[in-house]
Amino acid sequence: MAVVDGMNAFERAVKRIFDFVCSFLGIVVLSPVFLIVYVALRIQNDGSVIFKQERIGYKGKAFNIYKFRTMCVDSEPNGKPQLAAKGDERLTKVGKFLREHHLDELPQLFNVLKGDMSFVGPRPERQYFIDQIRKVNPDYDYLFLMRPGVTSMATIHNGYTDTLDKMLVRLQMDLEYLQKRSLWLDLKLIFTTVFYIVNGKKF
């Protein structure tokens with residue numbers, strides 16, 4: 001199907017400026033939280049504090065996404081990518097807490113600052129899973145028109161994607177977002193995400 005971007009060039013430029021300024025301010029304001037999480041992970045002493053993994057983003061280009069480490073070092077011992085799920089046995093004690101409160105995502109502010117990601121957009125995926133999704137729905141390629149995001153409609157309403165079926169549902173929601181996205185919608189999604197996190201709502 002033909003998919004049209006709901007944002008024009010001017011709106012996309014404003015969105016990028018907003019991402020840059022707010023990610024910088026976020027890093028400064030949340031620096032004490034970064035420090036606390038860093039110390040907690042250091043005390044746990046289970047591998048590096050920052051976990052990075054290659055994902056596919058804007059225009060189909062690969063980049064390294066940053067997260068606080070939540071799983072044990074050898075979480076994929078056979079080398080085959082595995083989807084993470086809530087209650088995953090590979091989660092460390094500190095990692096489980098970070099995931100439940102979405103604090104593991106904080107280092108992605110640096111991804112947003114660099115321009116790899118945006119605050120709002122489809123969650124970036126690994127090539128292995130993109131190939132599986134494309135076999136069922138090749139419209140995935142339309143997502144490369146956008147920078148991937150820290151949060152999205154699918155993140156809020158579809159939760160963790162621990163199965164291929166959920167990935168396909170997420171794709172439909174991301175395509176819907178692409179067609180009707182606007183600066184106003186982005187602000188609504190950002191505030192909804194923050195509200196849910198502050199109030200402890202699971203998603």
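Treat the numbers as computed from the prediction; the structure is a model and nothing was measured.

Trainee: What am I meant to see in the environment of Gly 115 here?
Mentor: Mapped onto the elements, Gly 115 comes out in the loop between helix 4 (108-114) and strand 3 (118-120). What makes Gly 115 buried here is its relative accessible area of 15%. The spatial distance from the C-alpha of Gly 115 to the C-alpha of Arg 69 is 22 Å, given a sequence separation of 46 residues. Setting aside residues no more than four positions away along its own chain, Gly 115 makes contact with Arg 16 and Arg 147.

Trainee: Even after reading the chapter, I still don't get the side chain of Lys 67, so can you show me in this structure?
Mentor: Within the fold, Lys 67 resides in strand 2 (residues 62-68). Of the side chains with opposite charge, Glu 105 comes closest to the buried, unpaired Lys 67, at an N-O distance of 4.1 Å. Contacts of Lys 67, omitting those with residues within four sequence positions, involve Val 49, Ile 50, Phe 51, Arg 55, Asp 104, Glu 105, Pro 107, Gln 108 and Arg 123.

Trainee: Any chance you could explain helix 1 (residues 9-29) here in plain terms?
Mentor: A turn of α-helix holds 3.6 residues, and therefore any two residues three or four places apart point the same way. Spanning 21 residues, helix 1 covers 30 Å between terminal C-alpha atoms, matching the ideal 30 Å at 1.5 Å per step. Listed in full, the buried residues belonging to helix 1 are Lys 15, Arg 16, Asp 19, Ser 23, Gly 26 and Ile 27. Taken around the axis of helix 1, the buried residues stretch over an arc of 105 degrees, which confines them to a single face. In helix 1, the exposed positions that point more than 90 degrees away from the buried face belong to Phe 10, Ile 17 and Val 29.

Trainee: Is there a simple way to explain the nonpolar core in this structure?
Mentor: Nonpolar side chains tend toward joint burial in soluble globular proteins. Residues Phe 68, Tyr 140, Tyr 177 and Leu 189 are the most contacted members of the largest nonpolar core, which totals 37 residues. Of all the elements, helix 7 (residues 164-180) adds the most residues to this core, at 6 residues. Beyond its immediate stretch of four places on either side in the chain, Tyr 177 contacts Lys 15, Val 120, Gly 121, Met 146, Met 153, Leu 185, Asp 186 and Leu 189.

Trainee: Can you walk me through a nonpolar patch on the surface in this structure?
Mentor: There is a patch of nonpolar side chains on the surface, built from Ile 17, Phe 20, Val 21, Phe 24, Leu 25, Val 28 and Val 29 and spanning about 680 Å² of accessible area. Mapped onto the elements, Ile 17 comes out in helix 1.

Trainee: Looking at this structure, how should I read empty space enclosed by the protein?
Mentor: Unfilled space is identified by rolling a water-sized probe across the atoms. Evaluation of the coordinates by the stated rule reveals 2 cavities of 30 Å³ or more. One number sums up the size of the largest cavity: a volume of about 60 Å³. Lining the largest cavity we find Ile 56, Gly 57, Pro 122, Arg 123, Pro 124, Glu 125, Tyr 140, Leu 143, Phe 144, Met 146, Arg 147 and Pro 148. The residue inventory of the lining of the largest cavity, partitioned by class, reads 8 nonpolar, 1 polar and 3 charged. Volume-wise, the second largest cavity comes out at about 40 Å³. As for the second largest cavity, its lining consists of Glu 100, His 101, His 102, Tyr 196, Ile 197, Gly 200, Lys 201 and Lys 202. Its residues assigned to classes, the lining of the second largest cavity shows 2 nonpolar, 3 polar and 3 charged.

Definitions and cut-offs
Residues numbered from 1 in each chain as written. Predicted model: local features only at pLDDT ≥ 70, side-chain atom pairs only at ≥ 80, totals over all residues. Heavy atoms only, no water. Helix = DSSP H or I, 4+ residues; strand = E, 2+ residues; numbered from the N terminus. Buried < 20%, exposed > 50% of the residue type's maximum accessible area, 1.4 Å probe, protein only. Contact = heavy atoms within 4.5 Å. Lys, Arg positive; Asp, Glu negative; His and termini not counted. Salt bridge = Lys/Arg side-chain N within 4 Å of Asp/Glu carboxyl O. Expected span 1.5 Å × (residues − 1). Arc of directions from axis to C-beta. Core = buried A, V, L, I, M, F, W, Y, C linked by side-chain atoms within 4.5 Å. Patch = residues over 30% accessible without salt bridge, like charges linked within 9 Å, V, L, I, M, F, W, Y side chains within 5 Å. Areas by Shrake-Rupley, 256 points an atom, 1.4 Å probe, with all protein chains shown as cover. 1 Å grid on protein atoms, 1.4 Å probe; cavity = no way out; pocket = protein on both sides within 12 Å on 5 of 7 lines; lining within 4 Å. Points joined across faces, edges and corners; volume = space filled by probe spheres on them. Nonpolar A, V, L, I, M, F, W, Y, C, P; charged D, E, K, R; others polar.

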